[in-house]
Amino acid sequence: FVGRCNRMAAAAADLILDKPGELGVLYVYGPNGVGKTHLCRSIKERLRQRHGMRRLIYMTAEQFTIDFSESTRGAGFAAFRRKYRDVDGLIIDDVGFFVSGNKHSTLAELRNTVDDLLSRRKQIVMTSDRPLSE
């Protein structure tokens, strides 16, 4: 349902759905419980339906961090980078998670991944309950 409180988020989602990759990064910011996760899941499903995008990743920032940490011990960075960079789009929920704790290496890898995807005009969506400045 689109109302006054979420009209801007719905319009941004429509832009992504009309022309994936044109907008670059959509950063959805708001307090817990306002529908950010729901919006991301809807974007993912509609990108699949409208544009046949099958290589879309939706995950939480915590999942990204766990995968990155495991790549330092197991399969290595090459497999990790293939997983996150060989995609049509990347949706990461709750990027405010990266601010807590000592996640400098994870943030550096996320920046490199985002740069790579943007250079190839892939769609990125991120949500947070914290402002982008944090």
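Residues numbered from 1 in each chain as written. Predicted model: local features only at pLDDT ≥ 70, side-chain atom pairs only at ≥ 80, totals over all residues. Heavy atoms only, no water.

Draft legend 1. Main features of helix α2 (residues 36-51). Helix length check: α2 (16 residues) gives 22 Å between terminal C-alpha atoms against 22 Å at 1.5 Å per residue, within 8%. Three or more residues of α2 are buried, namely Lys36, Leu39, Cys40, Ile43, Lys44 and Leu47. Angular distribution of buried residues about the axis of α2 spans 140 degrees; they occupy a single face of the element. Turned more than 90 degrees away from the buried face of α2 sit His38 and Gln49, all of them exposed. Looking at the packing, one finds that the buried side of α2 touches α1 (7-18), β1 (25-29), β2 (56-60), β3 (89-93) and β4 (123-128). Positioned one or two residues after α2, Gly52 has a phi angle of 65 degrees, which is positive. (Helix = DSSP H or I, 4+ residues; strand = E, 2+ residues; numbered from the N terminus. Expected span 1.5 Å × (residues − 1). Buried < 20%, exposed > 50% of the residue type's maximum accessible area, 1.4 Å probe, protein only. Arc of directions from axis to C-beta. Contact = heavy atoms within 4.5 Å.)

Draft legend 2. Geometry of the sheet that holds β3. Across the sheet, four strands lie side by side as β1-β4-β3-β2; this open sheet has parallel pairing. The strands lining the two open edges of the sheet, one partner per strand, are β1 and β2. For this sheet the average axis-to-axis angle between neighbouring strands, irrespective of direction, equals 10 degrees. (Pairing = 2+ DSSP bridges. Axes fitted to C-alpha atoms, helices over the stretch in contact; angles between N-to-C directions.)

Draft legend 3. Focus on the nonpolar core. Core analysis: the largest hydrophobic core is formed by 17 residues, its most contacted members being Phe64, Tyr84, Ile92 and Leu110. Of all elements in the fold, only β2, α3 (61-73), α4 (77-85), β3, α5 (104-119) and β4 reach the threshold of two or more residues within this core. Residues within four places of Phe64 in sequence aside, it is in contact with Met59, Phe80, Tyr84, Ile92, Phe98, Thr106 and Leu110. Membership of the second largest hydrophobic core comes to 15 residues, among which are Ala12, Leu17, Met53 and Ile91. (Core = buried A, V, L, I, M, F, W, Y, C linked by side-chain atoms within 4.5 Å.)

Draft legend 4. The arrangement of the packing of α4 against α5 in detail. Close contact between α4 and α5 brings their axes to 10 Å; oriented N to C, the two are set at 45 degrees. Taken together, the axes of α4 and α5 lie oblique to each other. Crossing hand, α4 versus α5: right-handed. Residues Phe80, Arg81, Tyr84 and Arg85 of α4 touch α5, and the partners they reach there are Glu109, Asn112, Thr113, Asp116 and Leu117. Of the residues contributing to the contact of α4 with α5, the split by class is three nonpolar, two polar and four charged. (Parallel < 35°, antiparallel > 145°, perpendicular 65-115°, else oblique. Left-handed = near helix turned anticlockwise from the far one by under 90°. Nonpolar A, V, L, I, M, F, W, Y, C, P; charged D, E, K, R; others polar.)

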